[in-house]
Amino acid sequence: MAAPARFRRGQEAALSRARPLTARGRRAPGWCGAEGGRAAPLSGRGLRVSPRVPAEGPERGGPGAAEGLARSGAASRAVSPGRCHAQPPSAGGPGEGRARPPPEAALPPPAPGLSRGQPRRGRLNFLPAFGKVTSRTTAVTPQLERKMDHGDFIHLNVLEKKIHNNSEVSVHYLCSQPCIVNLEAVASSEFRTGVSVYRRRWKDEKSLYVSRTRQVHLKFPSIMVYRDDYIIRNSIIVHSVILYAWISHASGSSYDVKQNGSYQRAVARNYTFLEAVPPFKRPYKDHKVCLQWGIDYLWTLQANRIPQCPHESDGVQILNFIYASSGEKTGIVKQFEQFENRELETVRQHQIDYPMFTVSIWLYLVHYCEMDLCGILYFIDPKEMYSTPAVFLNEEGYVHIQMHLVRGDDLAVKTSFSLPLRQWFRLDLSFKGGQIEVSSVGKNLKRHHHQSFIFREDFYYDDTDGYFVLGGSGYANGIEAFFGPVKYYRLSVLDTEQISNPLYDEEIMEQIEIYYERCMDVQEIVSEYRDIVSEGQAVQQDCVYENYYSELIDKYGEKSKCDAFMWGKELREKYHLLFKLLKEMDFSSPDDENDAVLEVGWRIFEKAAKGLSSTDGLSNTGSFIPLLLDSSCCGYHKASYFLAVIFETGLGVPVDRSKGLLYSLVGAQGDERLSVMNLGYKHYQGINNYPLDLELSYAYYSNIAIKTSLDQHAITGEQAFVETVRLMDDELLKAQTKENGDVFMWLKHEATRGNAAAQQRLAQMLFWGQQGVAKNPEAAIEWYEKGAIETEDPVLIYDYAIVLFKGQGVKKNIKLALELMKKAAAKGLPQAVNGLGWYYHNFKRDYRNAAKHWLMAEELGNPDASYNLGVLYLDGIFPGKPGRNQTVAAQYFYKAAQGGHIEGTLRCSQYYITGNMEDFPRDPEKAVIWAKHVAEKNGYLGHVIRKALNAYLELSWHEALLHYILAAETGIEVSQSNLAHICEERPDLAKKYLATDCVWRYYNFSVSQINAPSFAYLKMGDFYYYGYQNQSKDLELSVRMYAQAALEGDSQGFFNLALLIEEGNSIPSYILDHLEIDQTVHSSNTSLLQELYYRCWNYSNQESISPCSLALLYFYVRVFWNNILQSTLIYFMGTFLLSILVAFTMQYFQKISIRSRPGRPAVSTIPWGTEQLMAHPSISPTCIPPPTQENITSLKKKVIIITNKMGQVT
């Protein structure tokens, strides 16, 4: 996004509309109606910047020629060109434009019945016409009042300003001569202005020079004051009503009475405005009439068929909960549909070219925008352009507001006041036609700042044609802040006092303020301490030592420390632990001040994490909380996530949901990956008192999904491949190894002998940190090089070529990399064919050759090629097909996503959340699922899971429990089920350290996932069937869990369902439909049992005797026996003999099975490593693909047996 261009008279240049992500410093081309370019995709590849063609906006003008308020017809509409810079209001806003009328109107509005003409010179007061003043609105300057007796006066006192039938008004007047008192109400609608809707007059000839008061009840047409019903078919929208009152002296001549009785010639006059009530807020009329029998009969027939408008309001709560915005290119996406209420929708459509809406946003700013502009709230139209409104924050804290005009161009302004830092405030913005009101309100709801902007241009505004973004997006970074409740009034302009947008939870908002106040103290102490110690060390370095002994003391002795003499006693006591830690640290390295504070936070965290991981660490959790809090305040937000998990789960301390939420929000605002995923998961499931909010969940998950793609390019950092290793899978646990383990040593032996598959697997384990091996990219590259040179394996050749292209852990060598890539492509490897296309695109800019190779690779099933073709279409550079084609691009992205491509999946999730693509209707739940899938491949999460698994294998139960809890709270299923398994294995451990029921909580979490394992469903089914601790029995939920396990292909699920029927229970029909069991065919229990036992046998291992096969056999025998023998005694004896026969049969088959079993176990036919370990990011395939089945066959059987099971994980 471009920075603001030059200013003119306080007018800020308009933002370029939805700038590309990779646009470099392009400025808005002018200060007036600046145009910009289209928005780029998330990865920012080459989207061209094209100016938006100004569109002709709908015209709007003065009153139509139709007769009566309710008469329909097309009104003539026009917009004057005006000027595109703002006018300074009386409050001193920037720009120059039309002056507003003074608050106290010295002259009344034009009288009813005045002939229309051209505007006259002088001060104008405009008659409201649909709330809008245009060049066609008749402006009248009343004639100079003639000399009159000042004794005559008339005043109006309206008890209720809103228009109701039988509204009461008090008329206070005095007549010096016999007079006539006149009342007239004049209304304006969308079709006509100045229509008289009420008239009344009375004479007063006796009470002269005596003030009198008369109560008058106003009666208006029903279509103005009631809603539509069977009799009132077309109520109208009234925009303004003026009540006139005047006195005219009576005269003997009827001609004089007619002339002097007008409002303009009155001896005393007054007026007041009445407030029109929108049709959807009006009451229904009680007609109190007796209908004819025919009409009454028709009413009875049609009464239930009359469409009833649903209860609907224009006030929408965009955000109810606190949102932690870290300043990244992700935010909350909201889309609004048309009103279901016909009356509301009519008003909305009329306000498209004359917007009237209000937005109220609670904010807690942590920092101002670091560069350019950061998004607060803005609207993106289907053409990927900014529209009205677009509200941003600049680097100085001023609010930048951009609008899209009716005539097609854009306009922007900047407030003269800046927003406060580190305190809660409410930002209120209201838009009315060409006028903007901006206010800053404190927690006490007192206004701090206010500014108005008035333009001669009207804004174009259609909130259903696009989507809102709260925070960041692919077009702009978000602000670094906490968003509180956000209220949006779609059709109303409200003052600050009228806005109803209370704080969500004042306690948590106050805790956020306290946290940052404390952290400011901590950061200040650390910075000053470091400066003092560094200065002392610098002085010592300049010292000339008197003897050798003094030099040795300085070199090897205790480092310089600060005894905190410059800090007060109260501060030293408050942060005594922090001062103690600072004394133990070495500040000799010359780091940047901010980096030094973060470094201190990391050191404190390492000390706390090491203590928590010790044997008795969880018993002393409370003693490590101050350390974690200091680390968090220093900006190291892994500590924030530790605190959040500790308080939310009660890990060694009592459960405190409020503190858990606080540190989750703080960690997410600090962009800690696990904290962000934790909030995304909680809002996705709506658990732990977090509201279910899919748009908010997507804002968090998409942030980590984007980072996952970027993290894969970095070979440094605490990352590991995310592996699905379940603790109940003994074979898979045996496959885990380390650098000195049997599997690793055997692979190394085979790789040294030249085995290509062993070389590839060994390199993968070292490059990504898989299977328990620590990451070592340098050692991995050595094996890639050795395999590429010594063998003709195309995968190893391709892997090494990628490493040389990228320069990952080795010096770049484009020439050699190209030779190797061509060699691998010649062997028919799809990845290599795609790699050649990537070379021509990135290095040669030869899009024709790039497209040619990508089409070839795409036919071979390579998902990277599908994604790359989509990028060509999106950028509009596909050879022979000029112009951007987002539809075709989206189809290629979807195909890439189906193949597991990370960026393709992320693109599709964006399409689902915005709904801007025809083939991707808006589906926030699907968007969250796809973004969650990508986020859970993040390497930093994989590192935590790997630490938990290693601790479990080393029987370090405390450390395993700690790290599995940290991973499980992010929402990844494998850690949740593993944690529940640990709590089942060691109930004493869970009961001692966890305040929550670990088994129940995490199996519940597991079954709520879309990829839950069948054994988790069976566990929960048993809990509901038998009852679990304090949980009551629930047979229906138990049946649902068993049925879900059955749908996952688990034979135990079918077996349990059959046992429930055997016990006399029934299975609900909707569950049978879910299992695709035809109830018409299987109407009896016998038939249903047969079907369930048959499916149980079908899903079990049919080569050996299983409970399902025995149950099916027993069922058939029982049916046969019941059909032949009816005697109870014979049935009993036969059942007994049959049971003995079944037992002997089972024993016989077991003996045969033992005799026929071979000397060694059968080798699993599942290939190991056949899944891609890490998805290829974007155009450049940087990940290292796994070995193929053909290369595995040459390995020793021992290695295959151990590692075959691991292939299912990767």
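Residues numbered from 1 in each chain as written. Predicted model: local features only at pLDDT ≥ 70, side-chain atom pairs only at ≥ 80, totals over all residues. Heavy atoms only, no water.

Asker: Describe the nonpolar core, with residues and values.
Answerer: It is characteristic of soluble globular proteins that their nonpolar side chains tend to be buried jointly. Grouped together as the largest cluster of nonpolar side chains are 270 residues, with contacts concentrated most on I376, F482 and L665. Looking at which element gives the most residues to this core, the answer is helix α5 (residues 506-541), with 11 residues. Membership of the second largest hydrophobic core comes to 33 residues, among which are V171, Y173, V238 and A245. (Core = buried A, V, L, I, M, F, W, Y, C linked by side-chain atoms within 4.5 Å. Buried < 20%, exposed > 50% of the residue type's maximum accessible area, 1.4 Å probe, protein only. Helix = DSSP H or I, 4+ residues; strand = E, 2+ residues; numbered from the N terminus.)

Asker: Explain the packing of aromatic side chains to me, and be specific about the residues and the numbers.
Answerer: Following the criterion strictly, the structure yields 57 aromatic pairs and no others. When the centroid spacing of 5.6 Å and the interplanar angle of 85° are considered together, the rings of Y1002 and F1005 count as edge-to-face. Within this pair, Y1002 and its partner F1005 are both found in helix α31 (residues 998-1007), separated by three residues, close to a single helical turn. A centroid spacing of 4.8 Å and a plane angle of 90° characterise the contact between Y1025 and Y1026, whose relative ring orientation is edge-to-face. Residue class for Y1025 comes out partly exposed when judged on its relative accessible area of 22%. Y1026 gets classed as exposed once you look at its relative accessible area, which sits at 58%. The cationic tip of R214 hangs over the ring face of W202; the distance from NZ or CZ to the ring centre is 4.5 Å. Just above the ring of Y398 sits the side chain of K414; from NZ or CZ to the centre is 5.1 Å. (Phe/Tyr/Trp six-rings, centres within 6.5 Å; stacked < 30°, edge-to-face > 60°. Lys NZ or Arg CZ within 6 Å of the ring centre and 35° of its normal.)

Asker: Account for the environment of G939, with residues named and values stated.
Answerer: Relative to the helices and strands, G939 is located in helix α27 (residues 939-953). The exposure class of G939 is buried, given its relative accessible area of 3%. In the structure, G939 is positioned 220 residues away from Q719 in sequence and 4.3 Å away in space, judged by C-alpha atoms. Once you skip the residues sitting within four places of it in the chain, G939 turns out to touch E718, Q719 and A720. (Contact = heavy atoms within 4.5 Å.)

Asker: Give a description of the sheet that holds strand β7 (residues 238-249) that names residues and reports values.
Answerer: Pairing in this open sheet of four strands is antiparallel, and the strands run β5-β4-β7-β8 from one edge to the other. Every other strand in the sheet has two partners, leaving β5 (195-204) and β8 (268-274) as the edge strands with one partner each. Each strand axis lies, on average, 15° off the axis of its neighbour in the sheet, ignoring direction. (Pairing = 2+ DSSP bridges. Axes fitted to C-alpha atoms, helices over the stretch in contact; angles between N-to-C directions.)

Asker: Give me the confidence of the model for the protein chain: which residues, what numbers.
Answerer: For the protein chain, the mean per-residue pLDDT works out to 77, and 75% of the residues sit at or above 70. Segment residues 1-149: pLDDT under 50, and 362 contacts once partners within four positions in sequence are set aside and those in other chains are kept. Note on residues 538-545: pLDDT under 50 across the span, and six contacts to partners over four residues away in sequence or across chains. (pLDDT = per-residue confidence, 0-100.)

Asker: Account for the state of the cysteines, naming residues and giving values.
Answerer: Inspection of the entire model under this criterion finds five disulfides. Each sulfur of the disulfide joining C175 and C179 lies 1.9 Å from the other. Its torsion about the S-S bond being 75°, the disulfide of C175 and C179 is classed as right-handed. For the pair formed by C175 and C179, the shared burial category is buried. (Disulfide = S-S within 2.5 Å.)

Asker: Outline the pattern of salt bridges, listing residues and values.
Answerer: Here the structure, examined in full by the defined rule, presents 30 salt bridges. A salt bridge links E184 to R199, with the shortest nitrogen-to-oxygen separation between them at 3.1 Å. Taken together, the positions of E184 in strand β4 (residues 179-189) and R199 in strand β5 put the pair 15 residues apart, joining distant regions of the chain. Relative accessible area serves as the criterion here: at 8%, E184 is assigned to the buried category. (Salt bridge = Lys/Arg side-chain N within 4 Å of Asp/Glu carboxyl O.)

Asker: Break down the pairing of β7 for me, with residues and values.
Answerer: Most of β7 sits inside the fold, with 11 of its 12 residues counted as buried. Direction of pairing for β7 relative to β8: antiparallel, over a ladder of seven bridges. Bridge pairing in β8 links Y244 to Y271.

Asker: Can you lay out the side chain of T358 for me, pointing to particular residues and giving the numbers?
Answerer: Along the chain, T358 turns up in strand β12 (residues 356-367). One polar contact links the side chain of T358 to the main-chain carbonyl oxygen of S492, over a distance of 2.8 Å. Ignoring sequence-local partners within four residues, the contact set of T358 consists of L429, S430, K487, Y488, Y489, S492, V493, L494 and I499. (Polar contact = N/O pair within 3.5 Å; in protein donor to acceptor, adjacent residues only side chain to side chain.)

Asker: Lay out the sheet that holds strand β6 (residues 212-218) with the relevant residues and their values.
Answerer: Ordered by their spatial adjacency, three strands build an open sheet running β2-β3-β6, and the pairing between neighbours is antiparallel. Whereas interior strands pair on both sides, the edge strands pair on one side only; in this sheet they are β2 (153-158) and β6. Each strand axis lies, on average, 25° off the axis of its neighbour in the sheet, ignoring direction. The sheet contact formed by strand β3 (residues 167-174) and β6 spans seven bridges and is antiparallel. Paired with Y173 across the two strands is R212, which belongs to β6.

Asker: Please give an account of the packing of helix α23 (residues 863-875) against helix α24 (residues 886-898) that cites residues and values.
Answerer: Remark: α23 packs on α24, axes separated minimally by 8 Å, with the N-to-C direction vectors making an angle of 165°. Between α23 and α24, the interaxial angle falls into the category roughly antiparallel. As for the relative orientation of α23 and α24, their crossing is left-handed in sense. Facing α23, whose interface residues are P863, S866, Y867, L869, G870, V871, Y873 and L874, α24 presents Q886, V888, A889, Y892, F893, K895 and A896. (Parallel < 35°, antiparallel > 145°, perpendicular 65-115°, else oblique. Left-handed = near helix turned anticlockwise from the far one by under 90°.)

Asker: Requested: an account of the side chain of N501, with residues and values cited.
Answerer: Relative to the elements of secondary structure, N501 occurs in the loop between β21 (480-489) and α5. There is a polar contact of 3.2 Å between the side chain of N501 and the side chain of Q317. Among all residues touching N501, those that are not within four sequence positions of it are Q317, S360, I361, W362, R426, P485, V486 and K487.

Asker: Break down unusual backbone geometry for me, citing the residues and quoting the values.
Answerer: Going from T388 to P389, the amide bond is cis rather than trans, its omega being -5°. Tracing the backbone shows P389 in strand β14 (residues 386-393). The backbone of N689 sits at a positive phi, close to 65°, despite the residue not being glycine. Along the polypeptide, N689 turns up in the loop between α13 (673-685) and α14 (694-711). N689 gets classed as exposed once you look at its relative accessible area, which sits at 64%. Its identity as a non-glycine residue notwithstanding, R845 has a phi of 55°, on the positive side. On the secondary structure map, R845 appears in the loop between α21 (830-844) and α22 (847-859).

Asker: How would you summarise a nonpolar patch on the surface if you had to cite specific residues and measurements?
Answerer: Judged by side-chain polarity, F1136, L1137, I1140 and F1144 come together as a nonpolar surface patch covering roughly 420 Å² of accessible area. Inspection of the secondary structure puts F1144 in helix α38 (residues 1128-1156). (Patch = residues over 30% accessible without salt bridge, like charges linked within 9 Å, V, L, I, M, F, W, Y side chains within 5 Å. Areas by Shrake-Rupley, 256 points an atom, 1.4 Å probe, with all protein chains shown as cover.)

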